Amino acid sequence: MSIPCHSLLPATVSPTNNPSTRFNYNTHPTRSLTRNRPPFPFISQCRTKTRTYHCCSSSSTMPLKDLTSSPPQDSLLYSRAYYVSRSMIAWDVDVVGGSCFIYSSRSAALSVVENGIEGYDFKIELQRHDQKLPENVRDKFPHIRDYKAFKVPTTLDPNTILKAQLAVAFFNSSGQCISVTGLQLPGVIDDIFSYTGPLGSVFSNETVSLYLWAPTAQDVRALIYNGPSGGEAVEAVQLRESNGVWSVNGPRSWEGCYYVYEVLVYHPSTLQIETCIANDPYARGLSGDGKRTFLVNLDSESLKPQKWDNLLDEKPDIADFSDISIYELHIRDFSINDSTVDADFRGGYLAFTSQESAGVLHLRKLSEAGLTHIHLLPTFQFGDVDDEKEKWKFVDMELLKSLPPDSAQQQEYITAIQDEDGFNWGYNPVLWGVPKGSYATNPNGPCRIIEFRKMVQALNRIGLRVVLDVVYNHLHGSGPVGDYSVVDKIVPGYYLRRNADGFIENSTCVNNTASEHFMVDRLIIDDLLNWVVNYKIDGFRFDLMGHMMKSTMVRAKSVLKNLSREKDKVDGSSIFLYGEGWDFGEVANNGRGINASQINLAGSGIGSFNDRIRDALLGGSPFGHPLQQGFLTGLSLQPNGHDHGTEANAARILALSKDHIQVGMAANLKDFVLTNCDGQEVKGSEILTYGGAPVAYALQPVETINYVSAHDNETLFDIVSLKTSMEISVDERCRINHLATSVIALSQGVPFFHCGDEILRSKSLDRDSYNSGDWFNRLDFSYNSNNWGVGLPPKGKNEKSWPIIKPRLASPSFKPQRSHIISALENFQTLLRIRYSSILFRLRTANAIQERVRFHNTGLSQVPGVIVMSIEDGHVGVPGLSQLDPNYSYIVVVINACPTDISFTSPVLRGKVLQLHPLQMMLTENLVKNSTYNSSSGCFKVPSRTTVVFVEPRYVQN
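Residues numbered from 1 in each chain as written. Predicted model: local features only at pLDDT ≥ 70, side-chain atom pairs only at ≥ 80, totals over all residues. Heavy atoms only, no water.

J.: Any chance you could break down helix H12 (residues 518-535) for me, citing the residues and the numbers?
T.: The first and last C-alpha atoms of H12 sit 25 Å apart over 18 residues, in line with the 26 Å expected at 1.5 Å per residue. For H12, the tally of buried residues reaches 15 of 18 residues, placing the bulk of the element in the interior. Backbone geometry just after H12 places Lys-536 at a positive phi near 55 degrees. (Helix = DSSP H or I, 4+ residues; strand = E, 2+ residues; numbered from the N terminus. Expected span 1.5 Å × (residues − 1). Buried < 20%, exposed > 50% of the residue type's maximum accessible area, 1.4 Å probe, protein only.)

J.: Describe helix H16 (residues 647-665), with residues and values.
T.: Compared with an ideal rise of 1.5 Å per residue, which puts 19 residues at 27 Å, H16 spans 27 Å between its outermost C-alpha atoms and is within 8% of the ideal. Just downstream of H16 lies Ala-667, where phi reads positive at about 70 degrees.

J.: If you had to explain the side chain of Ser-335 to someone new, which residues and values would you point to?
T.: Tracing the backbone through its elements, the reader meets Ser-335 in helix H6 (residues 331-335). Reaching out from Ser-335, the side chain makes a polar contact with the backbone nitrogen of Gly-347 at a distance of 2.7 Å. Once residues lying within four places of it in the same chain are set aside, the contact partners of Ser-335 are Val-341, Phe-345, Arg-346, Gly-347, Gly-348 and Ala-351. (Polar contact = N/O pair within 3.5 Å; in protein donor to acceptor, adjacent residues only side chain to side chain. Contact = heavy atoms within 4.5 Å.)

J.: Which residues make up the packing of helix H10 (residues 447-461) against H12, and what are the values?
T.: Orientation of H10 relative to H12, taken along the N-to-C sense of each, is 75 degrees, at an axis distance of 11 Å. The orientation of H10 with respect to H12, classified from their angle, is roughly perpendicular. Two secondary-structure elements touch here, H10 through Ile-449, Phe-452, Arg-453 and Val-456 and H12 through Trp-531, Asn-534 and Tyr-535. Taken together, the residues of the contact of H10 with H12 break down into 5 nonpolar, 1 polar and 1 charged. (Axes fitted to C-alpha atoms, helices over the stretch in contact; angles between N-to-C directions. Parallel < 35°, antiparallel > 145°, perpendicular 65-115°, else oblique. Nonpolar A, V, L, I, M, F, W, Y, C, P; charged D, E, K, R; others polar.)

J.: Account for the nonpolar core, naming residues and giving values.
T.: Tyr-83, Trp-213, Phe-540 and Phe-542 are the most contacted members of the largest nonpolar core, which has 213 residues in total. Counting residues per element, this core draws most heavily on H12, at 9 residues. When residues no more than four places from it in sequence are discounted, the contact partners of Phe-540 are Val-467, Leu-468, Val-470, Leu-528, Trp-531, Val-532, Leu-560, Ile-575, Phe-576, Leu-577 and Tyr-578. (Core = buried A, V, L, I, M, F, W, Y, C linked by side-chain atoms within 4.5 Å.)

J.: Can you lay out the pairing of strand E11 (residues 177-184) for me, pointing to particular residues and giving the numbers?
T.: Most of E11 sits out of view: 8 of its 8 residues are buried. Both strand E3 (residues 81-85) and E11 contribute to a ladder of 2 bridges, which runs parallel. Each residue of the ladder has a partner; that of Ala-81, found in E11, is Leu-183. Hairpin connection from strand E10 (residues 165-171) to E11: 5 residues lie between these consecutive antiparallel strands, with Gly-175 at a positive phi of about 85 degrees. (Pairing = 2+ DSSP bridges.)

J.: An account of the pattern of salt bridges is needed here, citing residue identities and associated values.
T.: Scanning the entire structure with this criterion turns up 42 salt bridges. With a shortest N-O distance of 2.8 Å, Asp-469 and Arg-541 are connected by a salt bridge. One end of the pair, Asp-469, is in strand E25 (residues 465-470); the other, Arg-541, is in strand E26 (residues 539-542), with 72 residues separating them in the sequence. Neither Asp-469 nor Arg-541 differs from the other in exposure class; each is buried. Linking Arg-555 and Asp-521 is a salt bridge whose minimum nitrogen-to-oxygen distance equals 2.3 Å. Here Arg-555, found in helix H13 (residues 550-561), pairs with Asp-521, found in helix H12; they are 34 residues apart in sequence, far enough to count as distant. Members of the salt-bridge network, linked through shared partners, are Glu-301, Lys-304, Asp-309 and Lys-569. (Salt bridge = Lys/Arg side-chain N within 4 Å of Asp/Glu carboxyl O.)

J.: Describe the environment of Leu-199, naming the residues involved and giving the relevant values.
T.: Tracing the backbone shows Leu-199 in the loop between helix H4 (186-193) and strand E12 (200-203). Along the sequence, Leu-199 and Ser-608 sit 409 residues apart, while their C-alpha atoms lie 31 Å from each other. In this structure Leu-199 touches Tyr-211, Leu-212, Trp-213, Tyr-282, Met-519 and Arg-522, once residues within four positions along its chain are discounted.

J.: Summarise the environment of Ile-189; cite the residues concerned and give the values.
T.: Mapped onto the secondary structure, Ile-189 falls in helix H4. Once residues lying within four places of it in the same chain are set aside, the contact partners of Ile-189 are Leu-162, Ser-194, Trp-213, Pro-215, Thr-216, Val-491 and Tyr-494.

J.: Explain the sheet that holds strand E36 (residues 902-905) residue by residue, including any values.
T.: Taken in spatial order, the 3 strands line up as E36-E39-E38 in an open sheet, and their pairing is antiparallel. Strands with a single pairing partner mark the edges of an open sheet, and in this sheet they are E36 and strand E38 (932-934). Taken pair by pair, the neighbouring strands of this sheet meet at an average axis angle of 15 degrees, ignoring direction. Here E38 runs beside strand E39 (residues 939-942); their pairing, made up of 3 bridges, is antiparallel. The residue of E39 that forms the bridge with Thr-932 is Lys-941.

J.: Please provide a residue-by-residue account of the sheet that holds strand E16 (residues 240-242), values included.
T.: Pairing between the strands of a sheet is mediated by backbone hydrogen bonds and can be parallel or antiparallel. Pairing is antiparallel across the open sheet formed by 4 strands, whose spatial order is E12-E13-E17-E16. Only two strands of the sheet have a single neighbouring strand rather than two, namely E12 and E16. The average angle at which neighbouring strand axes cross in this sheet is 30 degrees, direction not considered.

J.: Talk me through the packing of aromatic side chains; I want residue IDs and the actual numbers.
T.: Scanning the model with the defined rule gives 39 aromatic pairs in all. Pairing Phe-717 with Trp-788 gives two aromatic rings, centres 5.9 Å apart and planes at 90 degrees, and the pair type is edge-to-face. Of this pair, Phe-717 sits in helix H17 (residues 716-723) while Trp-788 sits in the loop between helix H19 (773-776) and helix H20 (795-798), and the two are 71 residues apart along the sequence. The two residues Phe-717 and Trp-788 agree in class, both being buried. Through a chain of ring-to-ring contacts, three or more aromatic side chains come together here, namely Tyr-349, Phe-380, Phe-382, Tyr-439, Phe-452, Trp-531 and Tyr-535. Directly above the ring of Tyr-225 sits Arg-292, whose terminal nitrogen or CZ lies 3.6 Å from the centroid. (Phe/Tyr/Trp six-rings, centres within 6.5 Å; stacked < 30°, edge-to-face > 60°. Lys NZ or Arg CZ within 6 Å of the ring centre and 35° of its normal.)

Encoded structure:
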């Protein structure tokens, strides 16, 4: 979702130590917030029964108070004290002497008066604890490690008072009340009510049992309905509580019915006892309007496609995670414009079962070339797209087609209905464990479950494993009302991470979740198990993974790995985890515990996206000036007119960029040693970004996900079209597009490609197409169009760049032809085949990479714009390296980003018997075939903007 900036420009040009440029707040695809704003606090509304309070969502705006005055009446809106365990409260109250009291009101009648608090059922004095908070508390809540500690009397029953409104007040030695605040409860809740038993609906032969974890609720009922909407509840069933878990046993006839929970609970956002109507957080089915939970038994044979239980035997083999290559795809994009798909299936799960459709045939081509995994953008129940298709609004596509390529009219028509159409990326989660209904032919009943399973089965059968994009870092809704709020209605103030004032953290955009809390961690892992066991998913991509705790990620990996073929019909060892390891917001620098950031995940075997190689290849970052150039887009070699400083400065940045890229091509390993542009031998972790962060952070190859484009920001072709000089030809832009994909495809680590990279996909230069409808997100698997020049992109996120965008869209010289698209696809398929032609491109260990991978053309005398990488193999019976590849004993990859042909001579590579890779010899285009190598001199000649692979066949003896 959000992508950090490690700009290659000097701090004087692009200050990456400024948080407003380090992280991509422009890419959260759910809100009307301006997503490229700096991470400053913004105002959110807290609903109450009587009034609306405006409270700062990420840091306090309350002024420093004169301690001689009384606390303000709105003090209870804040929760600045922490009930960290059954015996202790932490509060940053800075006074000497005096006394502290805790107050409780089961009817939420507390109010602040001049002499303290009134409306309480009882109050009890707390004892000052003169020592530091216990170590386990400081570890769990590092952001309050220096708070004062107060002991809770053992006579106080926390099981009872946690269901009430709570507050603490401090009185000075004169008896004057000088501070009042509410309490944050996750610590004591975890201490008392951590639970590992059943949750959700549990089916047996005779009964359907419901279990809801709601330790702060005063009462819970289940309202049972016969249908998905309308009508009165046929039953209102009282649940009984045991140690925070509410449950009831119902008849088996409940199966196929719908239900909601009615929860009576104190809600800190309203300071009221609220009656909340909520779906089950462990829902496995949902009504079409999203308002009721569907009681469905996922083990029912009627919900399984034919041979579903045997799908494990049909899955394509993965010998090692280093063999993985990933292709990111949005379900709706894939087929909504594909006329070869049945009209009822377009834009949904069943489009993947249309075996002869253009889209499926395209995926077959990629699978046959070696692609292993399809990464699907969010498929869980998300907000802002109605599941009931009859409610959608549409645009007249024929009218849009008639408009000029640089017109502002297309975006006006699209944005007018963008919140009422069928399109959204889906990074606005409502219920994590239910397939999204808008992708099903019928959002009610079990249809979405069956069709989702058919999609997975169909993709597996064409040789592709399935990765789900999961968004556990935030939730779309909060508060006691609204269809999008679920967990915050059931245990208010627990699931969502709060700041020091008690307001919800919103650094991910809105409603950050707190995986450091026991039951949040459990919900996440239970959800992963649901998708793996019930839908046979093969991997997960974690959105804003750095906002989750490392312990959650490591435990998830362990739990999934332990799933077995015999018991679970799943091979847990083949499930791959990766995500966005950005380190920002309240979790930065382990502010809430050790988080799942790039740096922290080293050694875990969990992958994270490598933004360093992306920025070095393309230039700048997604947050800098759109014309900032990079290694492939003409920096120093073919300027575009943007101010990159002096020629010497631009050349220096080009050389530094190359260092970053080479480290990335060696899987971004911390300890990989190479010669940098200054001629020094350094480790990858010793090469720094201008923000001061190390370029390399991985300890294992599979911990690096190399990429140049994703759903966020402009497509690869669009970025190339923005950053390159306007004078170059479309042929050259297509070649640069191919150069970028070639670097990713031929690097060590795990390559990641955005759907459409291989067919020059354009979004008409839209930098954030999360809500830009089908028009700007169109894919064309007939290869007739790449969607370039379909109008100025939506005003909201792009208007400031319209002066740059408009002349490019208007110029016919930017638009690729069908021949360009087909050639790009052929080149991409060839790259995949080359990667899988030799295990040397997919080395398993850091040690193997250090021993076998070398970079030439380095140091002070290097040829600018040229990367030369060699990979060496051993020979049977010869001391030294072991033999891995039966076909090739040596490989050399030369990447020429220059606008001219180059020659490069290497004494180290002299005497090799290298020849052009046979797969490149078979290409339709001839340019790469002009590449030569002279064995006696060690001289390589490579055409402009070309990646060439030379191999030494195994039969050649040195």
